Amino acid sequence: MLTVGEVHTGLLQNSTALSLDRTAQLLDLLTGERVRRSERPIAYAVSPDQLTGVDCRLPTGTGSRSRGVGTVVSHAAVTGGHVLQGSTHTRIARAAANRRLVWSHYLSRPGQVETIGKVDVRDMTRGFLGAAYQSPALNLGAISARSMDTVQASATLDHRPPFRAQRTCLRWVLLPSEDPEAELSGTFRVESDTLRTLELTAADRDVQTIVELCEDLALHDWLLTTLLALMEASLTGPGSRSQKLDRLRPAIDCLLHLWMPAARLDESVLSVWQALERRPGFTRQWESSVNRIRDQVSLSAIALLETPSR
């Protein structure tokens, strides 16, 4: 059974960080269902899961036609009152009957898409993660983006973000391992300015822990990407040191305190984060960038102290 997902991450369209109570109200998207929330180690809230029915082509690397019918699971989440994510995933399994069944059959298996016709798992993985991925096929990204757009359109937001930032997308797959004792391992790739892919391999795992891993990775990749973009725009642009520091202020106010990789994750998935910390070294690059910002603040303070009073 193959599990696939897509996480979109971006800046919440509000001028200040939302309190946890306001965040929970914002994510109350399904009547009668509870918004999950936590305060430690950082404020975090996630909307109730929503099911979306799909009946579409499945992505394949070879371009061969295959069909999937079932449901996908999606939700929205906000971290630190500033960062919004839309996340969608499903498990793809071979159908017992090689034909389309009634919807009640698929609704009784939430978060699962059944294939109709012959499907190769490796071919589907290449299709989902590869550059030839076609949106008319199973489009989890559109559902993730819709989850974010629904939240961003809320009248409770003032739609005056403290800075401009691109959304990023993490597209991921979990391949079953033939070794029942195999540890979870993953390959992370930066495909473009906004697209990342993650290919995971493991024995049978709880899907929820994998989803949380991918959302945590997507969050911290967005934080690092956004911080680097703000630094480049601020420090290489024209102006005095104090003007450059003013342009960096949103990063200091909104981003620096959010860096807590793997803080909420189950121990069973920590091996993937540990591998990413070794190479490419997410936290090393983050700390180097933060130190550079602090150096700019220190130099600016020194310059102010050396300015003769009038």
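See the structure above.
Below you will find a few notes about this structure.

Thresholds applied
- Residues numbered from 1 in each chain as written.
- Predicted model: local features only at pLDDT ≥ 70, side-chain atom pairs only at ≥ 80, totals over all residues.
- Heavy atoms only, no water.
- Helix = DSSP H or I, 4+ residues; strand = E, 2+ residues; numbered from the N terminus.
- Expected span 1.5 Å × (residues − 1).
- Contact = heavy atoms within 4.5 Å.
- Salt bridge = Lys/Arg side-chain N within 4 Å of Asp/Glu carboxyl O.
- Buried < 20%, exposed > 50% of the residue type's maximum accessible area, 1.4 Å probe, protein only.
- Disulfide = S-S within 2.5 Å.
- Pairing = 2+ DSSP bridges.

As for helix 4 (residues 140–152)
Between the first and last C-alpha of helix 4 there are 19 Å, a value that for 13 residues agrees with the 18 Å anticipated at 1.5 Å per step. Looking at the buried positions of helix 4, the neighbouring elements they touch are strand 1 (2–11), helix 1 (20–26), strand 4 (50–57), strand 5 (67–79), strand 6 (83–94) and helix 3 (121–129).

Points about unusual backbone geometry
Cis geometry is adopted by the peptide bond preceding P41, which originates at R40 and carries an omega value of 5°. Take P41: it is sitting in the loop between strand 2 (36–38) and strand 3 (44–46). Looking along the chain, the bond that leaves R279 and enters P280 is cis, with omega of 15°. Following the sequence through the fold, P280 ends up in the loop between helix 7 (270–278) and helix 8 (282–306).

Looking at the pattern of salt bridges
The full count for this structure, using the stated rule, is 11 salt bridges. A salt bridge links D158 to R160, with the nearest nitrogen and oxygen atoms 3.7 Å apart. On the accessibility criterion, R160 (53% relative accessible area) is exposed. For D246, the salt bridge goes to R249, with nearest N and O atoms at 3.2 Å. Taken together, the residues D246 and R249, both in helix 6 (residues 241–254) and three residues apart, mark about one turn of the helix. Here R249 falls in the partly exposed class, since its relative accessible area comes to 43%. It is possible to trace a salt-bridge network through shared partners that takes in D55, R67 and R100.

Concerning the state of the cysteines
Scanning all chains against the criterion turns up zero disulfides. Just so you know, C169 is unpaired, no disulfide at all, and the nearest cysteine sulfur is the one on C214, 11 Å from it.

Digging into the pairing of strand 7 (residues 112–116)
Two faces, one strand: in a regular strand the side chains alternate between the faces of the sheet. Of all five residues in strand 7, five are buried, a share of seventy percent or more. Every second residue of strand 7 is oriented toward a common face, with Q112, E114 and I116 on one face and V113 and T115 on the other, all of them buried. Of the pairings in the sheet, the one linking strand 5 to strand 7 comprises four bridges and is antiparallel in character. Bridge pairing in strand 7 links G68 to T115.

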